[in-house]
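What the coordinates show
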Amino acid sequence: MPTQHSVCALDCPDCCSLLLEFDPATQRASKLRGNPDHPVTQGFLCAKVAKYLDRSYHPDRLLHPLRRTGPKGSGQFQRVSWGEAIAETAEKLLAVRDQFGPEAILPYSYAGTMGLIQGSGMDRRFFHALGASRLDRTICSSAGTVGMTEATGDRFAPAPEDFIHAKLIIAWGANILGTNVHLWPFIVEARRNGARFYVIDPRKDRTGKLADRHYAIHPGSDTALALALMHVLIAENLVDHDYISRQTLGYDDLVRKTAEWTPQRAAALTGISAEDIVQLAREYGTIQPAVIRVNYGVQRSERGAMAVRAIGLLPALTGAWKHQGGGVQLSTSNAFRFNLAALERPDLAPPGRLVNMSLLGQALTELDHPPVKAMVVYNSNPAAIAPDQTAVRQGLAREDLFTVVLEQFQNDTADFADIVLPVTTFLEHSDLYRAYGHYYVQLARPAMPAPGECLPNTEIFRRLAAKMGLDHPALRDSDDALIRAALDSSHPHMQGITLERLEREHSIRLNLPDPFPPYAEGPFGTPSGKCEFHAETLDYTPPVESRLGDAELRAKYPLELLSAKNPDSMNSTFGNRSAVDAQTALVTLHTVDAKARGIFSGDTVTLFNDRGALEATAMVNEDIAPGVINVPAVRWPKLSPGGTALNVLTSQRLTDKGGGPALYSCLVQIKKSTPLPAVD
Ligand SMILES: Nc1nc2c(c(=O)[nH]1)N[C@H]1C(S)=C(S)[C@@H](COP(=O)(O)OP(=O)(O)OC[C@H]3O[C@@H](n4cnc5c(=O)[nH]c(N)nc54)[C@H](O)[C@@H]3O)O[C@H]1N2
Ligand SMILES: Nc1nc2c(c(=O)[nH]1)N[C@H]1C(S)=C(S)[C@@H](COP(=O)(O)OP(=O)(O)OC[C@H]3O[C@@H](n4cnc5c(=O)[nH]c(N)nc54)[C@H](O)[C@@H]3O)O[C@H]1N2
Ligand code: SF4
Ligand SMILES: [Mo]
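It is worth spelling out the sheet that holds strand β8 (residues 168–172) at this point. Hydrogen bonds along the backbone pair up the strands of a sheet, which may run parallel or antiparallel. Overall, parallel pairing links the 5 strands, which are arranged β10-β9-β8-β12-β13 in an open sheet. With one partner strand each, in any of the chains shown, β10 (213–215) and β13 (327–329) form the two edges of the open sheet. Taking each pair of neighbouring strands and ignoring which way they run, the sheet shows an average axis angle of 20 degrees. With 3 bridges connecting them, strand β9 (residues 196–200) and β10 associate as parallel partners. Note on β10: the bridge partner recorded for V199 is H214. Where helix α10 (residues 222–235) meets the sheet, its contacts fall on β8 and β9, and the angle it forms with β8 comes to roughly 155 degrees.

Given below as structure tokens:
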């Protein structure tokens, strides 16, 4: 087999271009590497995906459809044929539809694959045609999306390649080496050319340690810092009046509003000294180009949407947008203008009710008219990743809930299924990709054969539709027809990007100007075409679950729990790798918090609050702010002592806007404990 091209489908901004090599003797795939010709991948991969073939060929890979034989959650199954599995699923879904109405059926999916075709193709058409409940996919980024939309309208951002031009780079709640490693070479080059690199993060991880400065901000207090930076920029006249008058609206109100946001006031809320705030503002106001890489870490707090909005307004004040490599980058994804209506066909039936995926626990235990009676899970592992795990598991354990899980491995969610259907990985099926950290559209064809009886999501939904008598022709389209539908877009960014060209070139830059300083000359994507400050709605109060939040709660549970991404994980996807499992079993806490509780590195500890308890192994150091602790996301509950993982502690409280989960606004207490017996 000659070397094959592919694309990494994991939920990562880098969306790498891959090359897959084969061993000529065995014809087995032998090595996955980064494409050296791709301008962002630049020939290297993160460590977790460089080893991906161990997952492809893993002996525990699901290879055949299964039907449950034991109690829900017990993981007892028997092998059945595809014919039986599809027939039983179709029959059960039809029975639910006929008895309770189609909205009693809930799809549950997120970004197990970022591919458009396997992630929002035939699955969407199937559920739309059925009239099923629609899933509000809020679990990751919805608060930040709302915040950045309020700031810029269309959320365009400087390209990663343009970071080399920056002279000041601020990673704001962005763990670049851990979650976005292909941005790093551009930052290294910028620093070689004299750029300063600062990090604003309650944790000092690898990225923080390599920074010129690290600001240990209190979790969830970023809005206060952004408002105080505005205060200093305005007070010291470090703003760009020309840019403000041509490209913004509402400056005078902003001046009045931010007058009250002195550095002293923000210092008390953020833990960053007033002197440091003033100094940071002075540098931000005088060094150009200045770029802020804000990632999704800041918007997993209860005030996350406001935080991203406030940060997103900063470059308009200083005119940073005017410069190549200046501005703010949250995500590049909104520049990709595929024809999603043609791909997903929301028109196939009147829209069903919207169910927020971050409230899965409530949806499965409290929702009525109709209750959720059937759930089809794919591209997601809710038993591990959804907040308030106890409620989620109670829901999944309902005997009257029919659950189908399309998976590659027998994880906790699959244990709760009535039917498990084995699926291909991104190396084994076709897909079309946008990215959220660069501007290239990519195509992948199957690069290696699918093992056992694994099928792509698309084929499973086609078979289900046919068996259920859903006979709209859109439900019979091939994967290539879906790709063509998505590419059939008249938007200027998509001009000239065809399946034929992608087939030859694999990766094509969006049809954007080069360079692309998105708002150098406006217009913003707002109603007025200007960056609208709307100062009257800018405000900050600490999250309920934070050191300055609810006093009663704080007294019982004084520590702020973060669950930042683990460099060697992808959410729960690699949860059955033992090296990863050891990393996600750790809780990091500051020396002073450890001392106060008699805890040393290596001790078994229990983290607890009113929602649940979690066993972890202590790692004591000073790489985290006092009062903050971190457990990396996210372990498989079934591989954890006590059978619970991180999200047993998180709540179903939602963010200020966007309906996202406030995963990083979570108060807990921690105590030394004796180890629980391991499960398994
Ligand atoms: N290796 C790896 N890469 C991944 C993932 C993974 O699991 N592992 N997951 C992928 C996914 S799904 C996503 S959404 C992205 C997310 O990518 P990131 O947003 O970079 O990841 P997070 O770890 O959520 O948060 C980033 C940083 O924000 C900090 N932080 C937490 N709370 C606050 C706060 O209130 N203020 C500030 N200023 N900082 C805060 C955290 O300590 C963390 O270091 O990464 C993707 N890439
Ligand atoms: N406490 C805490 N909880 C969190 C987070 C956190 O930081 N802290 N992060 C949140 C965030 S940002 C996110 S994005 C979510 C992520 O949550 P999920 O999107 O559920 O991500 P994963 O845990 O990686 O699970 C993806 C699953 O999809 C499967 N999969 C992969 N490809 C395919 C395919 O082609 N077809 C099918 N059917 N399945 C496939 C994988 O085997 C894997 O089990 O978790 C959220 N939960
Ligand atoms: S997870 Fe991210 S960095 Fe790793 S190979 Fe995939 S796209 Fe690249
Ligand atoms: Mo995410």
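This part covers the site of ligand 2. The full set close to ligand 2 counts 33 residues, and S380, E407, K565, S572 and T573 are the nearest of them. Contacts to ligand 2 include A111, whose backbone N or O atom sits 3.5 Å from an oxygen atom. With respect to ligand 2, the side chain of E407 contributes an N or O atom lying 2.4 Å from an oxygen atom. Here ligand 2 has 920 Å² of accessible area as a free molecule, and 98% of this is covered by the chains. Looking at the shell around ligand 2 residue by residue, the classes come out as 13 nonpolar, 15 polar and 5 charged. Split by domain, the shell around ligand 2 shows at least three residues from each of two domains, domain 2 (66–136 + 338–496) and domain 4 (551–672).

Below, the discussion takes up the packing of helix α5 (residues 122–130) against helix α21 (residues 457–467). For the pair α5 and α21, interaxial distance at closest approach is 8 Å and the crossing angle is 25 degrees. Our classification of the angle between α5 and α21 gives roughly parallel. The two elements α5 and α21 cross, and the hand of that crossing is left-handed. Facing M122, D123, F126 and F127 of α5, the residues of α21 in contact are T458, F461, R462, L464 and A465.

For the rest of this paragraph, the subject is the domain arrangement of the protein. Assigned domains within the protein: domain 1 (4–56), domain 2 (66–136 + 338–496), domain 3 (143–333) and domain 4 (551–672). The C-alpha-based centres of domain 1 and domain 3 are spaced at 33 Å. Taken residue by residue, the interface counts 12 residues in domain 1 and 10 residues in domain 3. Contact between domain 1 and domain 3 buries roughly 780 Å² in total, counting both sides, with carbon and sulfur atoms accounting for 61%. On the domain 1 side of the contact with domain 3, D14, V40 and F44 bury the most area, a combined 54% of that side's loss. Run the count over domain 1 and domain 3 and you get 0 salt bridges.

What counts, and where the lines are drawn
- Residues numbered from 1 in each chain as written.
- Chains lettered and ligands numbered in written order.
- Predicted model: local features only at pLDDT ≥ 70, side-chain atom pairs only at ≥ 80, totals over all residues.
- Heavy atoms only, no water.
- Pairing = 2+ DSSP bridges.
- Helix = DSSP H or I, 4+ residues; strand = E, 2+ residues; numbered from the N terminus.
- Axes fitted to C-alpha atoms, helices over the stretch in contact; angles between N-to-C directions.
- Contact = heavy atoms within 4.5 Å.
- Near = heavy atom within 4 Å.
- Polar contact = N/O pair within 3.5 Å; in protein donor to acceptor, adjacent residues only side chain to side chain.
- Areas by Shrake-Rupley, 256 points an atom, 1.4 Å probe, with all protein chains shown as cover.
- Nonpolar A, V, L, I, M, F, W, Y, C, P; charged D, E, K, R; others polar.
- Domains from an automatic or database assignment.
- Parallel < 35°, antiparallel > 145°, perpendicular 65-115°, else oblique.
- Left-handed = near helix turned anticlockwise from the far one by under 90°.
- Buried area = accessible area lost by both parts, 1.4 Å probe.
- Salt bridge = Lys/Arg side-chain N within 4 Å of Asp/Glu carboxyl O.

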